[in-house]
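# Descriptive structure summary
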Amino acid sequence: MKRFPRLGWLWACLLWALMSGSVWGQGAASVPLSTPVSNPAPDLPQVEARVSARTETPLSPQAQARWDHIAAELRCLVCQNESLASSNAELAVDLRREVRGLIDQGKSDTEIRSFLVSRYGDFVLYKPEVKPVTWLLWFGPFALLLLALGVAFRLMRRRPAAPTLTDSERARIRQLLEP
Amino acid sequence: MSGPGPATAGLQPRSMPRWVFVPLGLFLCLVVFLAVGLNRNPKEIPSPLIGQPAPAFSLPGVGGAAVFNSDQFKGQVSVVNLWATWCAGCREEHPLLMALSKQPGLQMVGINYKEMQASELAGAEPMAPESVQKATARNQAWLQKHGQAFAVNLLDMDGRVGMDFGVYGLPETYVVDRAGVVRFKHAGALTPEVLQQKLLPLLRSLQP
């Protein structure tokens, strides 16, 4: 009989778990910052550890600052957990050279980003653009949070107030409790 | 327990409202989404090229063959395969490409992507004549051994054309329709299943 008010708290807890789970889940499903790379595919260009050190010339400080700003937000497509700046995969080396070329040509950050997105899709961006396709990704967790809070508030408000007893009821209780 | 009297009216259990099960429903939804998400292959990246015109390029044919220009996609359905002799998956899928090459009315375009990798070039230019020569020899020997699947056999030494196609691993296979629009991409070695379930039905639907 009295179980029901407590059920409210139970659901509130479950909702909280659901909510935090979904925030995590969304992140993991769409932006796998930490997806474990299981069995490296044999058909990808081989990773050459020393290639970058040998062929990449240092940038001017100004270009370097822009490079740091742009490349850290770009994902390497071969080693998906690495940014383009840190990866030593051959494709990353090529793309770095390309992005450096674009910086030298004085292209804007947006132009450089769209160069990559037009070839590899939103997937190359660790922070995808906010647009209708990515609304669910950006706002989904917050929508779920609001929904959960709404439900939780409703549940807690509905907790039945303590019953008011009439005098005769009080007398009856006293009679029952004090034999 | 005795029946409800007026004294206990305030403590009456209301019948459980239906919305009590809403969180459970949401939770089950989440479980389904996560189950689907976890079972997806992170290597399969949707290509933004699908439905777009194929990237414009022109590449020399291997061994002095004519230059191929991307305008030549127009007018017939093409299968574009990006491969290299150093790629194991390419060897694996080659019999399927051989089978495809026997289909009538299909232009088979092989783009030999970065035959000479940075480690082999050791700082040399990929377009240098000796690099091209070495790549050509390897390309021809490989196709001799595994089968001439490509009517159009091109060398992409510096990987620029591959980059325009959005290549991130070899092999990759694209289908370009008669209007020069990319209709399909498969990353990784082709399998008989992919061929039967996706590629062949698409090719059939693209034929006039």
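Since we're looking at a predicted model, the values are computed, not measured.

### Some remarks on the overall build of chain A
- In terms of helices and strands, chain A carries seven helices and zero strands.
- Walking chain A from its N terminus toward its C terminus, one meets helices and strands in the order α-α-α-α-α-α-α.
- Residues classed as buried in chain A amount to 36% of the 179 residues present.
- The contacts of chain A with a sequence gap of at least 6 include a subset with a gap of at least 24, amounting to 62%.
- For chain A, the accessible surface area stands at approximately 11400 Å², while carbon and sulfur atoms represent 62% of it.

### Quick look at the state of the cysteines
Residue and element names in this part refer to chain B.
- By the definition in use, this model includes one disulfide over all chains.
- Across a sulfur-sulfur distance of 2.1 Å, C87 and C90 are joined as a disulfide pair. Here C87 and C90 share a disulfide; its torsion about the S-S bond, 95°, makes the bridge right-handed. The pair C87 / C90 is uniform in exposure class, with both members buried.

### With respect to the pattern of salt bridges
- Per the counting criterion, the structure on display carries twelve salt bridges over all chains.
- Put simply, A:R113 and A:E73 hold a salt bridge, and the shortest N to O gap is 3.9 Å. Of this pair, A:R113 sits in helix 5 (residues 109–120) while A:E73 is found in the loop between helix 3 (61–71) and helix 4 (90–104), placing the two residues 40 residues apart along the sequence.
- The exposure class assigned to A:E73 is partly exposed, which follows from its relative accessible area of 26%.
- The residue A:K131 makes a salt bridge to A:D122 at a minimum N-O spacing of 3.1 Å.
- Under the relative-accessibility criterion, A:K131 is labelled partly exposed at 27%.
- For A:D122, a relative accessible area of 23% puts it in the partly exposed group.
- By sharing partners, the salt bridges in this structure join A:E90, A:D94, A:R97 and B:K114 into a single network.

### Observations concerning the nonpolar core
All names here are of chain B.
- L100, I111 and F165 are the most contacted members of the largest nonpolar core, which totals 76 residues.
- Among the elements that make up this core, the one with the highest residue count is helix 6 (residues 192–206) (seven residues).
- Filtering out sequence-adjacent residues up to four positions away, I111 remains in contact with F57, L59, V80, N81, L82, W83, L154, D156, V161 and F165.
- Among the nonpolar cores identified, the runner-up in size contains six residues, and V62, M116, A135 and L155 belong to it.

### Quick word on a nonpolar patch on the surface
Residues and elements named next belong to chain A.
- A cluster of nonpolar side chains, namely V130, W135, F139, F142, L145, L146, L149, F153 and M156, defines an oily patch on the protein surface of about 920 Å² accessible area.
- By the secondary structure assignment, F142 is in helix 6 (residues 135–157).
- Owing to a relative accessible area of 54%, F142 belongs among the exposed residues under this scheme.

### Observations regarding the packing of aromatic side chains
Residues and elements named next belong to chain B.
- On inspection of all chains with the given rule, the structure shows seven aromatic pairs over all chains.
- Where F57 meets F73, the ring centres are 6.0 Å apart and the plane angle is 65°; that geometry is what we call edge-to-face. Here F73 lies in the loop between strand 2 (68–69) and strand 3 (77–83) and F57 lies in the loop between helix 1 (22–38) and strand 1 (58–59), a separation of 16 residues in the sequence.
- Among the residues examined, F57 registers a relative accessible area of 7% and is labelled buried.
- Ring centres of W83 and W142 lie 4.7 Å apart, and the angle between their planes is 35°; on these two criteria the pair is classed as tilted.

Rules and cut-offs
Residues numbered from 1 in each chain as written. Chains lettered and ligands numbered in written order. Predicted model: local features only at pLDDT ≥ 70, side-chain atom pairs only at ≥ 80, totals over all residues. Heavy atoms only, no water. Helix = DSSP H or I, 4+ residues; strand = E, 2+ residues; numbered from the N terminus. Buried < 20%, exposed > 50% of the residue type's maximum accessible area, 1.4 Å probe, protein only. Contact = heavy atoms within 4.5 Å. Areas by Shrake-Rupley, 256 points an atom, 1.4 Å probe, with all protein chains shown as cover. Disulfide = S-S within 2.5 Å. Salt bridge = Lys/Arg side-chain N within 4 Å of Asp/Glu carboxyl O. Core = buried A, V, L, I, M, F, W, Y, C linked by side-chain atoms within 4.5 Å. Patch = residues over 30% accessible without salt bridge, like charges linked within 9 Å, V, L, I, M, F, W, Y side chains within 5 Å. Phe/Tyr/Trp six-rings, centres within 6.5 Å; stacked < 30°, edge-to-face > 60°.

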